[in-house]
Amino acid sequence: MKRPADMNVPADFGFTEEHEVLRDSARRFLAERCPIEAVRRLSKDPIGHDPALWKDIANLGWAGLMVPEQYGGAGLGMLHEALLLEETGRCALPSPLLATTFAAIAVMHAGSAEQCERLLPALASGDAIGSLALTEPRASWEPSDIDATATREGSRFVLHGEKTHVLSAATADWIVAPFLVDGSVALFVVDTGVSGLSVRPEVGIDPTRRTGRVRFDGVRVDASARLAAGNAAVLAEIHHRATCLLAAEMVGGAESALAMTRQYAIDRKQFGRQIGSFQAIKHPLVEIMIGVEQARSLVYAAAAEFDQTGSGEVGDDVLVRMAKAAISDTFWYATDRGIQFHGGFGFTIDCDMHFYFKRALWSRAMLGDAPHHRTHLAKSLLDD
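Everything quoted here is computed from the prediction, not taken from an experiment.

1. Here we look at the overall build of the chain
Each helix and strand in the chain was counted, giving twelve helices and nine strands. Relative to the globule expectation of 21 Å for 384 residues, the C-alpha radius of gyration of the chain, 21 Å, shows essentially globular dimensions. Classification of the 384 residues of the chain by burial places 54% in the buried group. The long-range fraction of contacts in the chain, counting pairs at least 24 apart against all pairs at least 6 apart in sequence, stands at 76%. For the chain, the exposed surface amounts to about 16100 Å²; the carbon and sulfur share of it is 52%. A gap of 7 Å separates the mean positions of the 38 positive and 49 negative side-chain charges of the chain.

2. Observations concerning helix α6 (residues 113-125)
Over its 13 residues, α6 extends 18 Å from the first C-alpha to the last, a length consistent with the 18 Å expected when each residue adds 1.5 Å. A maximum bend of about 35 degrees is found in α6 at L119, where proline P121 lies one to four positions downstream. Among all positions of α6, only Q115, C116, L119, L120, L123 and A124 are buried. Considering only its buried residues, α6 is in contact with α3 (51-59), α5 (97-110), β1 (130-132), β4 (174-181) and β5 (184-191). G126 occupies a position one or two residues after α6 and carries a positive phi of about 85 degrees.

3. As for the pattern of salt bridges
Under the counting rule described, the total for this entry stands at 25 salt bridges. The partner of D127 in a salt bridge is K55, and the shortest N-O contact between them spans 3.0 Å. With D127 in the loop between α6 and β1 and K55 in helix α3, this residue pair connects regions lying 72 residues apart in the sequence. Since its relative accessible area comes to 57%, D127 is described here as exposed. With relative accessibility at 34%, the residue K55 sits in the partly exposed group.

4. A few points about the environment of A334
Topologically, A334 is positioned in helix α9 (residues 318-341). Along the sequence, A334 and T211 sit 123 residues apart, while their C-alpha atoms lie 24 Å from each other. In contact with A334, not counting residues within four places along its chain, are A254, A257 and I288.

5. A few points about unusual backbone geometry
Not every positive phi belongs to a glycine, and A92 is a case in point at roughly 55 degrees. Its place among the elements puts A92 in the loop between α4 (78-90) and α5. Unusually for a residue other than glycine, L367 sits at a positive phi of about 60 degrees. The residue L367 is located in the loop between α11 (353-365) and α12 (370-383) in this model.

6. Considering the state of the cysteines
In total, this model carries zero disulfides according to the counting rule given. C91 provides the cysteine sulfur closest to C244, a residue in no disulfide bond, and the two sulfurs are 19 Å apart. Lacking any disulfide linkage, C351 is separated from the closest cysteine sulfur, that of C91, by 17 Å.

7. Some remarks on a nonpolar patch on the surface
Taken together, the side chains of V286, M289 and I290 present a nonpolar region at the surface, about 250 Å² in accessible area. Among the secondary structure elements, I290 is positioned in helix α8 (residues 279-308).

8. Description of the packing of α9 against α12
Packing of α9 against α12 leaves a shortest axis separation of 8 Å and a crossing angle of 150 degrees. With respect to α12, the axis of α9 lies roughly antiparallel. As α9 runs across α12, the sense of the crossing is left-handed. In this structure, α9 uses V318, R321, M322, K324, A325, A326, S328 and D329 to contact α12, whose residues at the interface are A370, H372, H373, R374, H376 and L377. Across the contact of α9 with α12, the residue classes tally to six nonpolar, four polar and four charged.

9. Some details on α11
Here α11 spans 19 Å end to end across 13 residues, near enough to the 18 Å set by a 1.5 Å rise per residue. Of all the positions in α11, only M353, H354, F355, Y356, R359, A360, L361, W362 and S363 are classed as buried. Of the residues trailing α11, L367 is marked for its positive phi of about 60 degrees.

10. Examining the packing of α4 against α8
Following both chains from N to C, one finds α4 and α8 inclined at 145 degrees, their axes separated by 8 Å at the closest point. Contacts between α4 and α8 involve M78, L79, A82, L83, E86 and R90 from the first element and R296, V299, Y300, A303, F306 and D307 from the second.

Parameters at a glance
- Residues numbered from 1 in each chain as written.
- Predicted model: local features only at pLDDT ≥ 70, side-chain atom pairs only at ≥ 80, totals over all residues.
- Heavy atoms only, no water.
- Helix = DSSP H or I, 4+ residues; strand = E, 2+ residues; numbered from the N terminus.
- Rg over C-alpha atoms; globule rule 2.2 N^0.38 Å.
- Buried < 20%, exposed > 50% of the residue type's maximum accessible area, 1.4 Å probe, protein only.
- Contact = heavy atoms within 4.5 Å.
- Areas by Shrake-Rupley, 256 points an atom, 1.4 Å probe, with all protein chains shown as cover.
- Lys, Arg positive; Asp, Glu negative; His and termini not counted.
- Charge placed at Lys NZ, Arg CZ, Asp CG, Glu CD.
- Expected span 1.5 Å × (residues − 1).
- Bend = angle between axes of the 7 residues up to and from the residue.
- Salt bridge = Lys/Arg side-chain N within 4 Å of Asp/Glu carboxyl O.
- Disulfide = S-S within 2.5 Å.
- Patch = residues over 30% accessible without salt bridge, like charges linked within 9 Å, V, L, I, M, F, W, Y side chains within 5 Å.
- Axes fitted to C-alpha atoms, helices over the stretch in contact; angles between N-to-C directions.
- Parallel < 35°, antiparallel > 145°, perpendicular 65-115°, else oblique.
- Left-handed = near helix turned anticlockwise from the far one by under 90°.
- Nonpolar A, V, L, I, M, F, W, Y, C, P; charged D, E, K, R; others polar.

Given below as structure tokens:
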């Protein structure tokens, strides 16, 4: 386990003017195209997102932000992606962007040049929606706990198993999923229309984030579907990067919840005073603000460390686990206090805070909650 002094993180996280431009432009676009009224409408939509908005997002280059330029992307880094997803989290964007980003990361790190050439351009352009299936019914969030298998059948593989909580599963064109081949981890790209693959939509707590249970019942795929460099170490790296980006999105959601509650505390008066003047309101809001800033620093540090990691190297997971643990607690607390401080109105579905509360509950559990990551951090500390 690396100590903070040994971590390869620039003092300024590597921020440049380019990062600021991306963040500002994303905030303006999302404020116009995805106000809370649109979120409320899309939460009831059969597919859960607006295809026209998705196409516009892809045209902005967001779907391929980290995809190398030779494959049609912008070739930017993890810090750029973290800043973008922080803004999408701020507006609780209902979109396949997160799922497609995870799929692109998997192909970029595990695919051969030929596989990247075949798969990444469609993701970067928004012509295809991808997803990454990391978890299984036994509910472990660690990539090492895989039960699904792939057995050889001549020049093909036969896939058996089930994956749960797969983002945008019902609308994805293909899914990257890990399987065991002769006891070793391998990653496969599977077309969702192939025979033997079925998707069952899950009833989740967050209506703006659609997931599904994907069953592989004797799915036959060519050997070319196996990502060339996919192994346990690469899967762990993909898992860490996905967790970092989810934490970045959560930071944006927590800050938005804080802003909404703060504004309500200014506007709402009781006993002739703004409720924000009472210590019972002020102190929790300050605690949330501190928690958001601490988590943001951890997310930026984790993203910056990934950007400093050399090609082919496996990054350290300490900052990622710290970031996810911190923001899991803060995001939930921010939305829980937000609902309470909105009073009787806060407990009705008409209160917009509910969208952030449900997003916080979903995100807190996804890819491991705070106790899960702190347990692994403690093991590392004790091992050292």
